[in-house]
Amino acid sequence: QSLLCASPLQNEPGHETEVGSNSSLYSAILRYENIAVSVLQLAKPLPISVAPLRATMGAVMLQHYEDYLRTLEDYADCEGAFDRCPVYNFITRYSPRAVRSALADLRSSLLLDSEVMAKHAAMHGRSGPSGGEVVASAPHVAQGLRLVQECLLRFIACLSGIQSRFTRLAAQAR
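First, a word on scope: everything that follows refers to the structure included in this document. (Residues numbered from 1 in each chain as written. Predicted model: local features only at pLDDT ≥ 70, side-chain atom pairs only at ≥ 80, totals over all residues. Heavy atoms only, no water.)

**Some points on the overall build of the protein**
When you go through the protein residue by residue, the secondary structure sums to 5 helices and 2 strands. Traced from its N-terminal end to its C-terminal end, the protein shows the element sequence α-α-β-β-α-α-α. Within the protein, the proportion of its 174 residues that are buried is 34%. Contacts in the protein between residues far apart in sequence, at least 24 positions, make up 65% of those at least 6 positions apart. Approximately 10,000 Å² of the protein is accessible, and the part contributed by carbon and sulfur atoms is 55%. (Helix = DSSP H or I, 4+ residues; strand = E, 2+ residues; numbered from the N terminus. Buried < 20%, exposed > 50% of the residue type's maximum accessible area, 1.4 Å probe, protein only. Contact = heavy atoms within 4.5 Å. Areas by Shrake-Rupley, 256 points an atom, 1.4 Å probe, with all protein chains shown as cover.)

So, in C-alpha cells, the structure goes:
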C-alpha cells in the first residue's frame, strides 16, 4: 500500500496530511528498502505459499533490473550512512554497492533459469527467449491477465515482507 502513493507516509495512521521532511525521508527509505529487502528476497528460498510465483517474480526482476540500478545511483552518496525512520523508529543502513552487487548476482542466476526466462519471454509477447512475435488472441489475453494477477500477488508478498521487517525493526527500536 505504501508504494502506491507519491507520499507513502500519508498511508500511515496519524500521518494522513504529512508533507514535510519526514514524508521525504520516509519515501527515500522505502525506495531503498524496496530494492535492498524486497527485490533481494528472490535470492533466498521463498516461502512455500509464494514459491509458485518465483518465475514471475524473476521475470519482473529482470524487466526492472536497470531501474533498480538507476534508483541505487540516487543512494551512492549515502554509502555507509544511515537514517532513522520517522514513523517506526528503525534504522536503515545504506550500502548501495553491496545491493548492486547482490542484484547482479541474482540477475546472473535468473538468466540461467529456464522457467524465469520462459516467463520473461511470455511477459514480453515472445514465444521464447530468442524472440518471435505472438499474435494477440483470447488465450494470450487470458495469459496476460494471469501474469498481471501473479505480479500483483508478488507485489503484495513483497509489501508483506517490508511490513514484517518494519514491525521487527520497530520492536527492536523500542
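The structure having been displayed, the exposition proceeds.
**As for the environment of S109**
By secondary structure assignment, the location of S109 is in helix α3 (residues 96-111). The exposure class assigned to S109 is partly exposed, which follows from its relative accessible area of 37%. A C-alpha to C-alpha distance of 9.6 Å links S109 and G58, two positions 51 residues apart in sequence.

**Remarks on the side chain of T92**
In this structure, T92 sits in strand β2 (residues 91-93). The class of T92 is buried, set by a relative accessible area of 0%. A polar atom in the side chain of T92 sits 2.8 Å from the side chain of E33. When residues no more than four places from it in sequence are discounted, the contact partners of T92 are I29, Y32, E33, A81, F82 and D83. (Polar contact = N/O pair within 3.5 Å; in protein donor to acceptor, adjacent residues only side chain to side chain.)

**As for helix α2 (residues 54-73)**
The first and last C-alpha atoms of α2 sit 27 Å apart over 20 residues, in line with the 28 Å expected at 1.5 Å per residue. By the largest-angle criterion, H64 marks the main kink of α2, which is about 55°. (Expected span 1.5 Å × (residues − 1). Bend = angle between axes of the 7 residues up to and from the residue.)

**Quick notes on the packing of helix α1 (residues 21-38) against α2**
Contact geometry of α1 with α2 gives a least axis separation of 10 Å together with a crossing angle of 135°. Taken together, α1 and α2 sit at an angle that is classed as oblique. Handedness of the α1/α2 crossing: left-handed. On the side of α1, the interface is formed by R31, Y32 and I35, while α2 contributes Y68, T71 and L72. Residues of the contact of α1 with α2, tallied by class, amount to 4 nonpolar, 1 polar and 1 charged. (Axes fitted to C-alpha atoms, helices over the stretch in contact; angles between N-to-C directions. Parallel < 35°, antiparallel > 145°, perpendicular 65-115°, else oblique. Left-handed = near helix turned anticlockwise from the far one by under 90°. Nonpolar A, V, L, I, M, F, W, Y, C, P; charged D, E, K, R; others polar.)

In short, shape yes, function no, at least from these values alone.
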